[in-house]
Amino acid sequence: MINESVKKLVCYGLETGLSKDCDTVYVTNRILETLGLDEYDEPQENYENVNLEQTLRELLDFAVEKGIIENSIVYRDLFDTKLMACLMPMPHEVIEKFNALYKESPEKATEYFYKLSCDSDYIRRYRIVKDIRWVVPSQYGDIDLSINLSKPEKDPKAIAAAKNAKQSGYPKCLLCKECEGYAGRANFPARQNHRVIPITINNSAWGFQYSPYVYYNEHCIVFNGEHVPMKIERATFSKLFDFVKLFPHYFLGSNADLPIVGGSILSHDHYQGGHYTFAMAKAPIEKCFTVSGFEDIEAGIVKWPLSVIRLRCKDTGRIIELADIILGKWRSYTDEAAFIFAETDGEKHNTITPIARKVGDTYELDLTLRNNIATEEFPLGVYHPHQEYHHIKKENIGLIEVMGLAVLPSRLKDELALLADYIVEGKDIRSNETLEKHADWVDGFRANYPDINRGNVDEILKAEVGKVFVGVLEDAGVYKCTPEGREAFDRFIATI
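What you see is a predicted model, and the numbers here were worked out from it, not measured in a lab.

Cut-offs and rules
Residues numbered from 1 in each chain as written. Predicted model: local features only at pLDDT ≥ 70, side-chain atom pairs only at ≥ 80, totals over all residues. Heavy atoms only, no water. Helix = DSSP H or I, 4+ residues; strand = E, 2+ residues; numbered from the N terminus. Rg over C-alpha atoms; globule rule 2.2 N^0.38 Å. Buried < 20%, exposed > 50% of the residue type's maximum accessible area, 1.4 Å probe, protein only. Contact = heavy atoms within 4.5 Å. Pairing = 2+ DSSP bridges. Axes fitted to C-alpha atoms, helices over the stretch in contact; angles between N-to-C directions. Polar contact = N/O pair within 3.5 Å; in protein donor to acceptor, adjacent residues only side chain to side chain. Phe/Tyr/Trp six-rings, centres within 6.5 Å; stacked < 30°, edge-to-face > 60°. Lys NZ or Arg CZ within 6 Å of the ring centre and 35° of its normal. Salt bridge = Lys/Arg side-chain N within 4 Å of Asp/Glu carboxyl O. Expected span 1.5 Å × (residues − 1). Core = buried A, V, L, I, M, F, W, Y, C linked by side-chain atoms within 4.5 Å.

Novice: Could you clarify how one ought to interpret the overall build of the protein in this entry?
Specialist: Scanning the protein for helices and strands turns up 16 helices and 15 strands. For the protein, whose C-alpha radius of gyration is 25 Å, the value lies close to the compact-globule estimate of 23 Å for 496 residues. Dimensions of the protein, computed from the C-alpha atoms along their principal axes, are close to 75 × 60 × 40 Å. Per-residue burial for the protein yields a buried fraction of 55% across its 496 residues. Within the protein, contacts between residues at least 6 apart in sequence are counted, and of these 64% link residues at least 24 apart.

Novice: Just checking my understanding: could you explain the sheet that holds strand 2 (residues 143-147) for this structure?
Specialist: In a beta sheet, neighbouring strands are held together by backbone hydrogen bonds and run either parallel or antiparallel to one another. Pairing in this open sheet of three strands is mixed, and the strands run 1-2-15 from one edge to the other. Lying at the two open borders of the sheet, with one neighbouring strand each, are strand 1 (132-136) and strand 15 (405-408). Here the strands of the sheet are splayed against their neighbours by 20° on average, with no regard to which way each runs. Sheet topology places strand 2 next to strand 15; four bridges connect them, and they run parallel. Note that in strand 15 the partner of Ile147 across the bridge is Leu408.

Novice: What is the right way to look at the pairing of strand 10 (residues 308-313) in this model?
Specialist: Walk down a regular strand and you will see the side chains alternate between the two sheet faces. Across the six residues of strand 10, six count as buried, placing the element largely inside the fold. Of the two faces of strand 10, the one carrying Val308, Arg310 and Arg312 and the one carrying Ile309, Leu311 and Cys313 are both buried. As paired elements, strand 10 and strand 14 (residues 362-371) share six bridges and run antiparallel to each other. When the bridges of strand 14 are listed, Val308 appears paired with Thr368.

Novice: Even after reading the chapter, I still don't get the environment of Glu425, so can you show me in this structure?
Specialist: Its place among the elements puts Glu425 in helix 13 (residues 411-425). Here the alpha-carbon distance between Glu425 and Gly207, two residues 218 residues apart in the chain, equals 53 Å. Side chain to side chain, Glu425 and Lys427 meet in a polar contact 3.2 Å long.

Novice: Would you mind showing me how to read the packing of aromatic side chains here?
Specialist: When we look at a pair of aromatic rings, we describe it by the centre distance and by the angle of the planes. The full count for this structure, using the stated rule, is 32 aromatic pairs. Here the aromatic rings of Phe251 and Phe278 are separated by 5.5 Å at their centres, their planes lie at 85°, and the arrangement is edge-to-face. With a gap of 27 residues between them, Phe251 in strand 6 (residues 251-253) and Phe278 in the loop between strand 7 (270-274) and helix 10 (279-282) connect regions that are remote in the sequence. Neither Phe251 nor Phe278 differs from the other in exposure class; each is buried. By way of ring pairs, the aromatic residues Phe98, Tyr102, Phe113, Tyr114, Phe208, Tyr210, Phe243, Phe247 and Tyr250 are connected into one cluster. Stacked on the ring of Tyr47, the Lys or Arg Lys8 has its end atom at 5.9 Å from the ring centre. One Lys or Arg, Lys427, reaches over the ring of Tyr422 and ends 5.0 Å from the middle of that ring.

Novice: Would you mind going over the side chain of Ser5 with me for this structure?
Specialist: For Ser5, the position within the fold is in helix 1 (residues 2-16). Once residues within four sequence positions are removed from consideration, Ser5 is found in contact with Thr55, Glu58 and Leu59.

Novice: Whenever I open this one, the environment of Glu70 confuses me. Can you help?
Specialist: By secondary structure assignment, the location of Glu70 is in the loop between helix 3 (52-65) and helix 4 (73-85). Of the residues examined, Glu70 reaches a relative accessible area of 39% and is grouped as partly exposed. Put simply, Glu70 and Leu60 are 10 residues apart on the chain and 9.7 Å apart in space, counted from C-alpha to C-alpha.

Novice: What exactly am I supposed to notice about the pattern of salt bridges here?
Specialist: Should the charged atoms of two oppositely charged side chains come close, the side chains can pair. Taken as a whole and assessed by the stated rule, the structure comprises 40 salt bridges. Across the pair Asp366 and Arg357 runs a salt bridge whose closest N-O atoms are separated by 2.9 Å. Exposure remark for Asp366: the relative accessible area of 0% places this residue in the buried category. Here Arg357 falls in the buried class, since its relative accessible area comes to 9%. Of the charged contacts in the structure, one is a salt bridge between Glu464 and Lys467, with a shortest N-O distance of 3.1 Å.

Novice: Help me understand helix 9 (residues 234-246), please; the structure alone is not making it clear to me.
Specialist: For helix 9, with 13 residues, the first-to-last C-alpha span of 19 Å sits near the 18 Å given by 1.5 Å per residue. Listed in full, the buried residues belonging to helix 9 are Thr236, Phe237, Ser238, Lys239, Leu240, Phe241, Phe243 and Val244.

Novice: Looking at this structure, I do not really get the nonpolar core. What am I missing?
Specialist: Generally speaking, nonpolar side chains in soluble globular proteins are found buried as a group. In terms of nonpolar packing, the biggest core is built from 94 residues, with Ile31, Phe208, Phe243, Leu311 and Tyr479 touching the most fellow members. With seven residues, the top contributor of residues to this core is helix 11 (residues 316-331). Counting residues in hydrophobic clusters, the runner-up holds 52 residues, among them Tyr389, Ile429, Leu435 and Val472.

This is a description of form; function is not addressed.
Below you can see the structure in the form of structure tokens.
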């Protein structure tokens, strides 16, 4: 059985182009070494359409049986990455092929690199397909929602091992260039099957890779070659546009650089992009304005729940110049009547979530105004999901959510399924400890649906979750989509 599984993995490498015929003996011996096998009786069959998930499961079960690894998702993931490393081309080979294809077109280069990142199992496609995704219409356009199921839950033994593991400063974080080829440990994922394309933006060394969790099509990460913290500044806009000029079919955006409104990794400067058009990018400008001295730039407020200024021009230098002025104005802007405070007790609150793209022959930069002030009433943030929505979403609203894609916690898969049963069967939702947090929400929408039954309950719940997420985005907007909110927005625009 183990011989067949080894041969299947070798054939998978050939099928996907990770390895070539002349590599077969070498690849086979590397797999045997990893499995601690001294002998091998090669099957005659050449396997086709190899199921990678099944093949790796067979090899992992063998490793568990032989005592090579513990039977835990963490150790299985570390070991199957080690197995996949046996098939991988060296970094210089990947870079050379990427650069050769880039000369034909940027699209061909990214298509190759994305396929490699999937075929290598760095992006675990068989887990990504488990994510639940749907779209709901709203007054702001079609909103994307997803329940993330592709990040595996750690078992208690692995959690304990990670807690007791010796703390290491290498690599410094998940975004450091030193991750490429790293074997991993109980508290850090293996990256032997990971490859990075070096790029130059703003005359500095950066890396281009894909996210292993792929929240949207060709979800990429662009990271600083040095471990330096996130910072939104004039250079940020230059870097975003430098990347978009290299890959005009991709957008690129940055999380904000302050807690609550920022991303999950503020310690390492990085951006996220990809080959996808979000609802925010499709949203029209609802009100145009002109900035003196920048009449060549089309500027306006975007029809979007968050507070977004869009700048459009064929000259990125001009956009960068105006964006830097807006950033400076916003950093220091206070409007007590609108509850906008630049700082309190020496803590700065105002920042921006910027997104750059190219539409036709015109460049666009969306500047999302953010503020992370917290109060006794809203301890997690005034412009953060309010408590009424925490049963669905209480995490930070980062770049991906800002653009119109909800990344919802995995707990909702089981909770919504159980909630559907309770609604259809007429059970008391408040009697269930897990579901009681959803009771007020269900009471609020139940009357809108005269007949909720087994055939429509799931779609009703998805639609209502969509409405919650729109409410979450509205909470994150510093200026609300009301006459008073737009009047306050105009007061800031007047200062530019």
